[in-house]
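Commentary on secondary and tertiary structure
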Amino acid sequence: MEQSDKILLKGCLKGDRNAQKALYEKFKVPMFRICLRYANDRPEAEDMLQEGFVKVFLDLHQFRKEGPLGGWIRRVIVNVALMQIRKRRKLFSNVEVENLSDSVTTDEDVFAEMNAKALTRIIQKLPTGYRVVFNMYVIEGYSHKEIAEKLEVSVNTSKSQLSKAKATLRKMLEKCIVG
Amino acid sequence: MDKNLPKDPLEEFFKKSLEGQNELPSDNGWDIPSLNVWDRVEADIQPTAIVRPINYWKWATVVASMVLLFFTYKWSTQNEQIEELVIEINENNEQLETVKGLLKNKEKEIESLVVEQNIDNIYNQQSIENEEVVQRDDVRVSHRATHFSEKNKNEIGGKNNNGSLKNPTLNTGNMVNQKVENIIVENLDKANFDNSKEELIDKKIIQEINELPKRNFVVESSVDNEKLKAEWGRVATFNLKKERLNSKLFVGVYGSRNFGMRSIVADDSSISQIRKNEIKNIREKESWTTGGGVKLGFQINKNWSIETGLQYTKSEITARHLIQKQYNAASEIQNSSGDFENEFAFLLVTPMGDVESDVTLSRSAMSTAIPDQLVYIPVESNQKISFLGIPILAKYRFGNETFRLGLKGGVLANFILDADVEISTVDTPFPNLRHRKHRISNKTELENLKTTTINWLAGVEAEVKLNDKMYFLFEPSFSKNISPIFEKNNVKTYPLMANVKVGVNYLF
């Protein structure tokens, strides 16, 4: 753990408001990006970020200092985002995506022109189930088994949601590129 | 989490583009949350931010316990005194009843003698009727007095109805009662039946009783209608109270232990809470301090006394401060040895006020430059501050000769004598930054340090008698500054101090 994180952690554990704000300021941007990927829109992402940091401060004493502080905060934020999504809507609605095909190859040169903001907005447009599984598997690095346990679905559901998510993304990317 | 890398180019592309924890926002700021998010977070975590507020209930409980203890003690000692008094009165009444019985016998003897004498007189002086009466009275009186004197020499207690001798002392080992009895008997020798003389005798009895050492007597009397009974039908109530020695002046020496606290007051309670939290964050460690002094007291009456003296307090506090500052590389100054220095001002919290101070962090010219950023610098200050106090107190004490409890209250003026403050960093925010200990050994260097403070003081005390002149004393007390020692943005800081004195009082 970084020296500055140690000092911030110590201050936060004592309830020092300045240290809490400094911790928030340090991690708000990367954590907000995560929230944006899980949320439908910006207000929802801000709600996730707010609830996520509240949980971070309340549960900070549970942090074991075995890994980086940022990694622990990230896991808390993702868990809060998942909880909010499950509370607010049905996770896996029936969405028909036509002409699904995993075999379609992707032109990386075209993708390279897309920036993080655009990609995040594209992910936001995915149906909730696709978006969650895609984020968890591709970005966070969860396995299908772990996703299935966390979302209380079967491994096959996780796999199919990922497959559909990727197909949808390809379709959306092509549309973006074509115009 | 799964460590397997995605093989799909789409997955790789998204992962590469979106992963990472870069803390800097993008140029167009799309990934910066609204400012009000922190306000909402802060509002939600508010309860956890309150770190150990001053527990007024705890102090209220202590005060309530002391008050309860005081009244319980007062009630129990009063009951004991009443019981002792009732026993004494009963003993005295019993003795008086015995004396009354004894004297009734004597009265009968006297009457019979008077009758005999009168008969003699009648035989001897039959012709002068008027003088007879006068002489009869004179004879009776003188005869009676003589009779008493003679009888007292031989049989002080007189005889019972059956003719046996009564115990002449009539005492139960109580020396005071013996003396009282002797005074009464002596005065009876001079007994006269003239009303004015009776009063004189009463006064003399009371006067002599009052002259007895170490005792206070309250003598109440009631007079029966009958003349003879008037003398012996008196009910003398002896209110025997043990009185403390008549010392008026006392001096004392004591050692003391003190513990400092703070009270933060603001019109807006939320501001006050923030300041409290700041203080809590600053003062991690505060130790008991030592002191001592001498005192001089004057006893106004049995219960009330006034007291003053000199009270020396040496305060030794280790306080930790967490300084939050923006590190600015541009403000670094190269010193004579070539190192780069950066100075950070902070508020040093001391028992005599909060004063501005600073720490200097330096790095070698060869080390990597520190980027501009918010840093937290833990600083420790070892404060040794000594001050002299002059208390002016009023005391109310009660109890018996061996153990007394008391309440005291008044003002305490503290004058700072010297201050020695050493400031050092506990940890530096970056490994290549170092700090040299900084020492302020002169109180004048600590600007804004209050040189004089006036405090309210209240407390309780217990005294245990060691011998006729010496008393062991135990005095817990509590003091609070009348005016704030630090005031900023309408937030006032008042230092409080709990104090326990242990020592001896010497009575003159």
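This is a predicted model, so every value here is computed, not measured. (Residues numbered from 1 in each chain as written. Chains lettered and ligands numbered in written order. Predicted model: local features only at pLDDT ≥ 70, side-chain atom pairs only at ≥ 80, totals over all residues. Heavy atoms only, no water.)

Some details on helix α3 (residues 42–59) of chain A
Residue and element names in this part refer to chain A. In a regular helix each residue adds 1.5 Å, so 18 residues correspond to 26 Å; α3 covers 25 Å between its end C-alpha atoms and thus fits that length. Of the residues making up α3, those classed as buried are Glu44, Ala45, Glu46, Met48, Leu49, Gln50, Gly52, Phe53, Val54, Val56, Phe57 and Asp59. A side-chain oxygen of the first residue of α3 lies 3.0 Å from the backbone nitrogen of glutamate 44; this N-cap is aspartate 41. (Helix = DSSP H or I, 4+ residues; strand = E, 2+ residues; numbered from the N terminus. Expected span 1.5 Å × (residues − 1). Buried < 20%, exposed > 50% of the residue type's maximum accessible area, 1.4 Å probe, protein only. Polar contact = N/O pair within 3.5 Å; in protein donor to acceptor, adjacent residues only side chain to side chain.)

Details of the pairing of strand β5 (residues 304–327) of chain B
Residue and element names in this part refer to chain B. Here strand β4 (residues 289–299) pairs with β5 via 10 bridges, running antiparallel. Following the sheet pairing, glycine 297 is matched in β5 by glutamate 307. Linking β4 back to β5 in an antiparallel pair, the connection comprises 4 residues. (Pairing = 2+ DSSP bridges.)

Section: the packing of aromatic side chains
The full count for this structure, using the stated rule, is 11 aromatic pairs over all chains. Ring centres 6.2 Å apart and planes at 40 degrees place the aromatic pair A:Phe53 and A:Phe57 in the tilted group. With A:Phe53 and A:Phe57 both in helix α3, this residue pair falls 4 residues apart, about one helical turn. You'll find A:Phe53 and A:Phe57 in the same group, each marked buried. Between the aromatic rings of B:Phe13 and B:Phe14, the centroid separation amounts to 5.7 Å while the plane-to-plane angle is 75 degrees, which identifies the pairing as edge-to-face. A relative accessible area of 11% means that B:Phe13 is categorised as buried. With relative accessibility at 0%, the residue B:Phe14 sits in the buried group. Among the aromatic side chains, those forming a connected cluster through ring pairs are B:Phe70, B:Phe71, B:Trp304, B:Tyr396 and B:Phe398. Over the ring of B:Phe250 we find B:Arg397, and its NZ or CZ is 5.0 Å from the ring centre. For B:Lys501, the ring lying beneath its charged end belongs to B:Tyr254, and the centroid distance is 4.9 Å. (Phe/Tyr/Trp six-rings, centres within 6.5 Å; stacked < 30°, edge-to-face > 60°. Lys NZ or Arg CZ within 6 Å of the ring centre and 35° of its normal.)

Quick notes on the pairing of strand β13 (residues 452–465) of chain B
Residues and elements named next belong to chain B. Pairing of β13 with strand β14 (residues 470–481), which is carried by 9 bridges, proceeds in the antiparallel orientation. Note on β14: the bridge partner recorded for leucine 457 is serine 479. The turn joining β13 and β14, which pair antiparallel and follow one another in sequence, is formed by 4 residues.

Focus: the interface of chain B and chain A
With 47 residues of chain B in contact, the opposing surface of chain A contributes 61 residues. Together, the buried faces of chain B and chain A total about 5100 Å²; carbon and sulfur atoms form 61% of this surface. At the surface where chain B touches chain A, the tally comes to 4 salt bridges. We note a salt bridge from A:Lys166 to B:Glu11, for which the minimum N-O separation is 2.5 Å. There are 8 residue pairs in polar contact (both at pLDDT 80 or more) connecting chain B and chain A. Every element with two or more residues in the side of chain B that touches chain A is listed here: α1 (9–18), α2 (36–44), α3 (46–49), β5 and β9 (373–399) of chain B. Take the side of chain B that touches chain A: its biggest share by element is 8 residues, from α1(B). (Contact = heavy atoms within 4.5 Å. Buried area = accessible area lost by both parts, 1.4 Å probe. Salt bridge = Lys/Arg side-chain N within 4 Å of Asp/Glu carboxyl O.)

Quick look at the confidence of the model for chain A
All names here are of chain A. Across chain A, the average pLDDT comes to 80, with 83% of residues at or above 70. Ranking the helices and strands of chain A by mean pLDDT puts α3 first, with 90, and helix α5 (residues 108–111) last, with 48. Low pLDDT (under 50) marks residues 95–110, which in the prediction has 18 contacts with non-local residues, meaning those over four places away or in another chain. (pLDDT = per-residue confidence, 0-100.)

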